[in-house]
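Each chain, letter by letter, is given below.
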Amino acid sequence: MRVEYKVPGGKLVAADSSVEAGFIKNVKISGDFFMYPETNIIDLEEAITGIRIEDLESTILNFFDFHPTQLIGVGPSDFIHVVKLSLTSSPSLQGF
Amino acid sequence: MNETWRLIDMRIEDAYTQMAIDEAIAYARKRGETSNTIRLYRWKPSAVSVGYFQSIENEVDVDECRLQGVDLIRRITGGGAVFHDYDGEITYSLVAPDSDPKIPTDIIESYRIICGCIICGLKELGVNSEFKPVNDIIVDGKKISGNAQTRRYGVVLQHGTVLVDCDARKIFSLLKVSGVKISDKAIKSAEERLTNVRKYLSRAVSFEEARTALIKGFEEGLDIRLKPGKLTPYEESLVKEYRKRYKSSEWIFQR
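Note that the coordinates shown come from a computational prediction; the quantities given were computed from them, not determined experimentally.

A. Spotlight on the nonpolar core. In terms of nonpolar packing, the biggest core is built from 65 residues, with Ile29(A), Phe33(A), Ile48(A), Phe79(A), Val48(B) and Tyr246(B) touching the most fellow members. The greatest single-element share of this core, amounting to nine residues, is contributed by helix 1 (residues 15-30) of chain B. Leaving out residues up to four positions away in the same chain, Ile48(A) has contacts with Ile24(A), Val27(A), Ile29(A), Leu56(A) and Ile60(A). Judged by nonpolar contacts, the second largest core, of 43 residues, contains Ile72(A), Leu7(B), Ala96(B) and Ala213(B).

Following this line, the structure appears as structure tokens:
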């Protein structure tokens, strides 16, 4: 489900996602932050889609290691945080 | 002798054409087919633009926009949602190579320099404003100008809004203000976050007066001379092509 997170001193970042049998699906990230190049957001969403929940953090960190990206108002750890929040708010994970 | 940049002065177009023009100039500049450019413009009909990464349904009351005849567009630049009120706002844009010595490589510093031109122009009108990193210009803690920049094709494109007048009620009837977003700011009401030139000066300020001041602001802030010009035929052809993308629902509702 969609969750918003205001980065302290930074911008708003939101994530929407769902979980199927432990795999992350339908990831959409949004917000009023800045990312250069902008199209890396699409590659980031693709990188997260289909991975296991426990691989989320390493996948996002790896992504920014291999895709030179300039971020303003948000950092890799904020993406990890907000996607995690969105996963744990997903109905299929409630009760775990 | 200071250098000369092109000025495209107060062209009035709809949202799709305006955003297509900014991108066309950036692309033509990359190709070396046009010169460094400052544009001042107004949006007719009034429009809401959202940042490249924003979720339009969560930021904008889409039905209310349709009801009020307000166009909707997604920018190629990041940042937040803006209401471009034909009766209350001037937009500017700047295009130059990212290697231009006048534009710092550091993105925040480049915002500071370009926003400095707007601050200079506002001062000319009697408004004392300041830069608030990352991308805002404020007066007494209230926003008077929002700015957004992209770097692509080896070119810097920054555009931003200068509030000459504003109907805060109308703005907040069109935009959805997230409770999370303002949670770390000690502000009671979203309407208290904005100001504008006419409100600050308590007098009627014409678009002509504001435009003249902004031109002076860019000339002084960048130490350049602005020479009025037009889009080249090549740029106009790109505008036609890009306009279709900006107007498509696939682009606008992609996120």
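B. Quick peek at the sheet that holds strand 7 (residues 130-132) of chain B. Residue and element names in this part refer to chain B. Spatially, 7-8-9-10-6-2-1-11 is the arrangement adopted by the eight strands of the open sheet, whose pairing is mixed. The open sheet terminates on both sides in strands that have one partner only, identified here as strand 7 and strand 11 (224-228). Taking the axes of each pair of neighbouring strands and ignoring which way they run, one obtains an average angle of 25 degrees across the sheet. Where strand 2 (residues 37-43) meets strand 6 (residues 89-97), five bridges bridge the pair, whose relative direction is antiparallel. Pairing of Leu-40 across the sheet is with Tyr-92, part of strand 6. Contacts from helix 1 reach strand 1 (3-13), strand 2, strand 6 and strand 10 (155-163), with the element oriented near 170 degrees to strand 2. Sitting on the sheet, helix 4 (residues 107-125) is in contact with strand 6, strand 7, strand 8 (136-139), strand 9 (142-152) and strand 10, with an inclination near 135 degrees to strand 9.

C. Up close: the packing of aromatic side chains. Counted according to the given criterion, the structure contains 12 aromatic pairs over all chains. Consider the rings of Phe33(A) and Phe79(A), whose centres lie 5.6 Å apart with planes at 85 degrees: the pair is edge-to-face. On the criterion of sequence distance, the pair formed by Phe33(A) in the loop between strand 3 (23-31) and strand 4 (34-36) and Phe79(A) in helix 3 (residues 76-88) is long-range, its members being 46 residues apart. Overall, the relative accessible area of 0% leaves Phe33(A) in the buried class. Under the relative-accessibility criterion, Phe79(A) is labelled buried at 0%. Each ring, one from Tyr41(B) and one from Trp43(B), has its centre 6.1 Å from the other, and the planes form 40 degrees; the classification is tilted. Across this residue pair, the class does not change: Tyr41(B) and Trp43(B) are buried. A cation sits over an aromatic face here: Arg42(B) above Tyr86(B), 4.1 Å from the ring centre. Directly above the aromatic system of Phe207(B) lies the positively charged group of Arg42(B), at a separation of 3.6 Å from the ring centroid.

D. Inspection of the interface of chain B and chain A at higher detail. Residue-level contacts link 28 residues of chain B with 25 residues of chain A. Summing both partners gives a buried area of about 2000 Å² for chain B against chain A, and 57% of it is carried by carbon and sulfur. At the boundary of chain B and chain A, one finds two salt bridges. Note that Glu45(A) and Arg255(B) form a salt bridge whose closest N and O atoms lie 2.4 Å from each other. For the side of chain B that touches chain A, the secondary-structure elements that each account for two or more residues are helix 2 (56-59), helix 4 and strand 9 of chain B. Per-element accounting of the side of chain B that touches chain A gives the leading share, six residues, to strand 9 of chain B.

E. Here's a closer look at the side chain of Gln149(B). For Gln149(B), the location among the structural elements is in strand 9. For Gln149(B), a relative accessible area of 0% translates into the label buried. Side-chain polar atoms of Gln149(B) contact the side chain of Ser110(B), separated by 3.1 Å. Dropping the residues within four chain positions of it, Gln149(B) is found in contact with Phe34(A), Tyr36(A), Glu38(A), Thr77(B), Ile107(B), Ser110(B), Tyr111(B), Ile114(B), Val156(B), Leu157(B) and Gln158(B).

Reading the values: the criteria
Residues numbered from 1 in each chain as written. Chains lettered and ligands numbered in written order. Predicted model: local features only at pLDDT ≥ 70, side-chain atom pairs only at ≥ 80, totals over all residues. Heavy atoms only, no water. Core = buried A, V, L, I, M, F, W, Y, C linked by side-chain atoms within 4.5 Å. Buried < 20%, exposed > 50% of the residue type's maximum accessible area, 1.4 Å probe, protein only. Helix = DSSP H or I, 4+ residues; strand = E, 2+ residues; numbered from the N terminus. Contact = heavy atoms within 4.5 Å. Pairing = 2+ DSSP bridges. Axes fitted to C-alpha atoms, helices over the stretch in contact; angles between N-to-C directions. Phe/Tyr/Trp six-rings, centres within 6.5 Å; stacked < 30°, edge-to-face > 60°. Lys NZ or Arg CZ within 6 Å of the ring centre and 35° of its normal. Buried area = accessible area lost by both parts, 1.4 Å probe. Salt bridge = Lys/Arg side-chain N within 4 Å of Asp/Glu carboxyl O. Polar contact = N/O pair within 3.5 Å; in protein donor to acceptor, adjacent residues only side chain to side chain.

In short, shape yes, function no, at least from these values alone.
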